[in-house]
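Descriptive structure summary
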2 protein chains.
Amino acid sequence: MTVKVPVIRNVLEANERLAEENRRAFAEAGLLVINLMSGPGAGKTSLLERTIDALRQEISIGVIEGDIQSSYDAERISQRGVQVVQLNTGGACHLDSNMVKSCLDALNLDKLDLLVVENVGNLVCPAEFNMGEDMKAMILSVPEGDDKPLKYPLMFQESRVLLINKIDLLPYVDCDVEKIKKRALQLNGKMEIFEISCRTGEGLDGWLDWLRQQVKNRKAEGDGAET
Amino acid sequence: MTVKVPVIRNVLEANERLAEENRRAFAEAGLLVINLMSGPGAGKTSLLERTIDALRQEISIGVIEGDIQSSYDAERISQRGVQVVQLNTGGACHLDSNMVKSCLDALNLDKLDLLVVENVGNLVCPAEFNMGEDMKAMILSVPEGDDKPLKYPLMFQESRVLLINKIDLLPYVDCDVEKIKKRALQLNGKMEIFEISCRTGEGLDGWLDWLRQQVKNRKAEGDGAET
């Protein structure tokens, strides 16, 4: 077991080199790339469905669906008529740069404004592996409880934005949203936070406006770089 | 990245050897050991609280609380007046035999009838690592959705018992308990399944009766081995 640390370090270094390659491919194509993370069943695919339905007339969206196995989520997303690739990890509990790289040939990146990579449902390891994305986004659903920032701090530290989902369930669960926000901001003072319900649609406008602006900013950066 | 498979195999083999040592220590003490697993916030600690409150007059219970960091859950459990050890993994997304072994000196095993090891909240990796337990138990909460057996099959295959928790939320979420049960039993036909709510107490009697019986069976085995 003493070999554990150097092996992990080598894996992370190899991952970082491939992340840089992905980053260059994304920059050339001028699109915004988001690594979407959460525990199992917090609502990543539901958020994608809501986001695609609201924005696909104005923003060209692609999706990489990460799962250990099954193509259940990719089938849900493909019904929305956007580019989608299913990525099965075959047991691994997170996506890495190499896995994402293997999907890029199946996507027409030049046609996309936004690529969302839906990670494996896991609040731990996905936060350790960059894949060349512009930002990480995370979802915490209120039935999971307000103690999660205390117990899974790295994901909160790494994420640019936190979506607190399933707020329609607040009357029925023991969860204090103010505690989640306070604890998340203690870990990461720059975090954007949105309270939403993918089921009822409540609060989604704030997220959609913010996302529109991020895509616009990314485009402006790309145009600036070309001149 | 080509070294990945043999390294993982070595880690699993080393883990299995230490699991065997733990198994011998548990057998000598004649107690039942349960590895309790679920995604984040599905209700592992709440189930422990309910179980301890119901059974501590008749069964001597000890707990190892696995978390990446924080001692929040161990503090919750220690208020119940049972033996509890906090085990922090410092980043690792699952417990292993070596971590559990390191806790055993802090517990008086001979005084216990039942030891529950609460794993890190994660539906993936904990299922791969034995720690010398008699059985694995898992919780799936209904807000996580009925597709989880399709997406995280190994944990369902490895678990002796499935607790479907938070059934008080069924009127408010899109989740079909019959689908969970059908899909879980397709993966593991021998699984015991209980539908419960740790919040309201609904359905807990069935689980408690079953657990009492498991502790009794384990004791009978131990007495049989001594004669």
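Definitions and limits used
Residues numbered from 1 in each chain as written. Chains lettered and ligands numbered in written order. Predicted model: local features only at pLDDT ≥ 70, side-chain atom pairs only at ≥ 80, totals over all residues. Heavy atoms only, no water. Contact = heavy atoms within 4.5 Å. Buried area = accessible area lost by both parts, 1.4 Å probe. Salt bridge = Lys/Arg side-chain N within 4 Å of Asp/Glu carboxyl O. Polar contact = N/O pair within 3.5 Å; in protein donor to acceptor, adjacent residues only side chain to side chain. Helix = DSSP H or I, 4+ residues; strand = E, 2+ residues; numbered from the N terminus. Expected span 1.5 Å × (residues − 1). Buried < 20%, exposed > 50% of the residue type's maximum accessible area, 1.4 Å probe, protein only. Pairing = 2+ DSSP bridges. Axes fitted to C-alpha atoms, helices over the stretch in contact; angles between N-to-C directions. pLDDT = per-residue confidence, 0-100.

Remarks on the interface of chain A and chain B
Counting residues at the interface gives 37 residues for chain A and 37 residues for chain B. Taking both partners together, chain A and chain B bury about 3,400 Å²; carbon and sulfur atoms supply 60% of that area. Inspection of the region where chain A meets chain B yields 6 salt bridges. Among the ionic pairs, Asp174(A) bridges to Arg199(B), the shortest N-O distance being 3.2 Å. Between the two partners, chain A and chain B, sit 10 residue pairs in polar contact (both at pLDDT 80 or more). Of all the elements in the fold, those that place two or more residues in the side of chain A that touches chain B are helix 1 (4-29), helix 3 (72-78) and helix 5 (148-151) of chain A.

Some details on helix 2 (residues 44-55) of chain A
Here helix 2 of chain A spans 16 Å end to end across 12 residues, near enough to the 16 Å set by a 1.5 Å rise per residue. All of the buried residues along helix 2 of chain A are Lys44(A), Thr45(A), Leu47(A), Leu48(A), Glu49(A), Thr51(A), Ile52(A) and Leu55(A).

So, the sheet that holds strand 2 (residues 61-67) of chain B
Residues and elements named next belong to chain B. Across the sheet, which stays open at both edges, the 7 strands sit in the order 3-2-4-1-5-6-7 with parallel pairing between neighbours. Whereas interior strands pair on both sides, the edge strands pair on one side only; in this sheet they are strand 3 (83-88) and strand 7 (192-195). When strand polarity is set aside, the average angle formed by the axes of neighbouring strands in this sheet is 20 degrees. As defined by bridge partners, strand 2 adjoins strand 4 (residues 114-118) across 5 bridges and the pair is classed as parallel. Across the sheet, the residue bridging to Val 63 is Val 116, located in strand 4. Contacting strand 1 (32-38), strand 2, strand 4, strand 5 (135-141) and strand 6 (161-165), helix 2 (residues 44-55) crosses the sheet at an angle of about 170 degrees to strand 2.

Quick look at the confidence of the model for chain A
Averaged over all residues, the pLDDT of chain A is 93; the fraction at 70 or higher stands at 95%. With pTM at 0.93, the complex prediction returns an ipTM value of 0.91.

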